[in-house]
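# Coordinates in review
Here is what each chain is made of, one letter per residue.
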Amino acid sequence: MRQDLRQRLLSTNQGRIISRWEKLSPHEQSLVEQQLEAIDLEFLANLFDKRNSSFTLPDVEKIAPVPVLQPATNFAEAKREGLSSLAKGEVGILMVAGGQGSRLGTTQPKGTWPITPITQKSLFQLHSEKVLTLSKKANRDIPFMIMTSPATHDQTVAFFNSQAFFGLKKEQVIFFTQGTMPAVDLNTGEILFEEPAKVFASPDGHGGTLTALKKTGLLEQLKSQGIRHLFFFQVDNPLVQIADPVFIGHHISHRSQLSSKVILKDSPTDKLGNFIQVDGRCQIIEYSDLPMELATRKKHDGSLFIDTGNPAIHLFDVDFLDLVCSNAAALPFHLARKKVPHLDANLSKVVPEKENAWKFERFIFDIFPNAERWLLVSTKRDEEFAPLKNAQGDDSPETAKYAQSKLFIQWLEKAGVKIPAYSTTPEIEICPSFAMDAEELSRKLPSNFQAKFPLLLQD
Ligand code: UTP
């Protein structure tokens, strides 16, 4: 092993890797050396040393609730402005799809999961159809950027290819890959190996978007194409209103650098990120970092002091991203305890029954305090947030499908359709090509429309 690498391993408490390395073939040794050279071992050791103090709560006295704009304010004007920006080609769409979906327990990227109530379209197809419909409305091919990770990239690209990009133009869809971080042993901080010559590396969090945008040159490309606003969402939310023109319009008219949609928390311990304001800047505290005293604190009117949750739907100005991307390496890493199967010192497989490792992730929302001008726009959970996280129970395929049918019932009712009485929620699917919202549905349906279930509306 090269002397300098050996020295660095010894001085960062990774010495046991050396004896493991000595058991490998020359080819494997060279592979391991390459991977270790690419890791900032000193930085990793520092993260591990500070594992119990990685989050600092802002001074509680300074924490204030955030102001929230109701989307109905200047609705028509905002919509006009948003549509005009889309038509001028100023908006790009970015979906993060690099996560490993470990809670869902899938070996395929989460985006391939069948999610619509009747036709069982995948998340990738559903989102692509929304982008396609919006592109037709804007009369231009809105760029659709998809962030993958080494864990999801090949399968994601193959899935899009096998389905002919769901009708989108191939050039319109831009895949780019985020970075990774090694996982380390929970107690010793030693780097874990998944194969004799392969470090266990996992995606570096959705905050990895920033370094990846910069490193791949995509940010420069966006700027040169005249894209000014980037709509950001997560692959696992089938209800997201992609590049909602009203949201874009409000963002533009407020000259905001970063805007987010927000939903009301349904309890103090709701498992959502919490928006707060500190010294006039906006930031998010994870639910697990919010002290109970603060989570349960009430305002005079009895409502929660911190009641604004994060459904991970954002709009970034490209100039703002450019500003923060140059400093993206300064974003903190968050540590999470995870179960990581790996090889022990004798290269035997260990499948842990409880958490045995730390994984390190950056979060996109850690850039929020950098924004001088920011805007939060209210939306409703049942209209825009039904994440797919678990195989069963909360946030599962079942709840995500149910949420879609429930929303479509609301749209039908707003369109004046009488819904027959039901005991279990009927299956309803309204394809994006048929209608993207209640208003559009109302325009499309004949006045004598009779709903019969299961109901599939598609063009
Ligand atoms: P989550 O962490 O909630 O889900 O990511 P996950 O990673 O898909 O699944 P688990 O945690 O392993 O069960 C929320 C969103 O952020 C993306 C995911 O793809 C998902 O859309 N993400 C997460 C990334 O793109 N990269 C990451 O490194 C982490």
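The sections below set out a description of the structure shown in this document.

### So, the overall build of the protein chain
- The helix and strand tally for the protein chain stands at 15 helices and 22 strands.
- Over its C-alpha trace the protein chain gives a radius of gyration of 24 Å, about what one expects of a compact globule, namely 23 Å for 459 residues.
- If you line up the protein chain on its principal axes, its C-alpha atoms span 80 × 55 × 50 Å.
- Buried residues in the protein chain amount to 52% of all 459 residues.
- Looking at the protein chain alone, contacts between residues at least 24 apart form 75% of all its contacts between residues at least 6 apart.
- Total accessible area on the protein chain is roughly 21200 Å²; 49% of this is exposed by carbon and sulfur atoms.
- Taken together, the 52 basic and 55 acidic charged side chains of the protein chain have centroids lying 2 Å from each other.

### Concerning the packing of helix 5 (residues 75-87) against helix 10 (residues 245-253)
- For the pair helix 5 and helix 10, the least separation of the axes is 6 Å and the interaxial angle reads 95 degrees. Here helix 5 lies roughly perpendicular to helix 10, going by the angle between them. In this structure, helix 5 uses Phe-75, Ala-78, Lys-79, Glu-81, Gly-82, Leu-83, Ser-85 and Leu-86 to contact helix 10, whose residues at the interface are Pro-245, Val-246, Ile-248, Gly-249, His-250, Ile-252 and Ser-253.
- Grouping the constituent residues of the contact of helix 5 with helix 10 by class yields eight nonpolar, five polar and two charged.

### Side note on the pairing of strand 4 (residues 173-177)
- When strand 3 (residues 144-148) meets strand 4, the two strands line up parallel, connected through five bridges. Opposite Met-147, over in strand 4, you have Phe-176 as the bridge partner.
- In this fold, the crossover linking strand 3 to strand 4 by way of helix 7 (residues 153-162) has right-handed handedness.

### Comments concerning the pattern of salt bridges
- Evaluation of the coordinates by the stated rule reveals 25 salt bridges.
- As a salt-bridge pair, Arg-2 and Glu-37 come within 3.1 Å of each other at their nearest N and O atoms. Of the two residues, Arg-2 is situated in the segment before helix 1 (3-11) and Glu-37 in helix 3 (residues 26-37); the sequence distance between them amounts to 35 residues.
- Accessibility expressed as a relative area gives 43% for Arg-2, which makes it partly exposed.
- Glu-37 gets classed as partly exposed once you look at its relative accessible area, which sits at 30%.
- Lys-88 is paired through a salt bridge with Glu-90; the nearest N and O atoms lie 3.8 Å apart.
- With a relative accessible area of 53%, Lys-88 lands in the exposed category.
- Residue Glu-90 is classed as buried on the basis of its relative accessible area, which comes to 11%.
- Among the charged side chains, a salt-bridge network with shared partners connects Lys-214, Glu-220, Lys-223 and Asp-322.

### Some details on the site of the ligand
- Around the ligand sit 19 residues, and of these Gly-98, Ser-102, Gln-178, Gly-205 and Lys-389 come closest.
- At 3.3 Å, a backbone N or O of Gly-101 approaches an oxygen atom of the ligand.
- For the ligand, a nitrogen atom lies 2.7 Å from a polar atom in the side chain of Gln-178.
- Residue composition of the shell around the ligand, by class: five nonpolar, nine polar and five charged.

### Some words on the environment of Arg-80
- Within the secondary structure, Arg-80 is located in helix 5.
- The sequence separation of Arg-80 and Gly-217 amounts to 137 residues, and the corresponding C-alpha distance is 32 Å.

Conventions adopted
Residues numbered from 1 in each chain as written. Predicted model: local features only at pLDDT ≥ 70, side-chain atom pairs only at ≥ 80, totals over all residues. Heavy atoms only, no water. Helix = DSSP H or I, 4+ residues; strand = E, 2+ residues; numbered from the N terminus. Rg over C-alpha atoms; globule rule 2.2 N^0.38 Å. Buried < 20%, exposed > 50% of the residue type's maximum accessible area, 1.4 Å probe, protein only. Contact = heavy atoms within 4.5 Å. Areas by Shrake-Rupley, 256 points an atom, 1.4 Å probe, with all protein chains shown as cover. Lys, Arg positive; Asp, Glu negative; His and termini not counted. Charge placed at Lys NZ, Arg CZ, Asp CG, Glu CD. Axes fitted to C-alpha atoms, helices over the stretch in contact; angles between N-to-C directions. Parallel < 35°, antiparallel > 145°, perpendicular 65-115°, else oblique. Nonpolar A, V, L, I, M, F, W, Y, C, P; charged D, E, K, R; others polar. Pairing = 2+ DSSP bridges. Right-handed = clockwise from strand over helix to strand, strands pointing away. Salt bridge = Lys/Arg side-chain N within 4 Å of Asp/Glu carboxyl O. Near = heavy atom within 4 Å. Polar contact = N/O pair within 3.5 Å; in protein donor to acceptor, adjacent residues only side chain to side chain.

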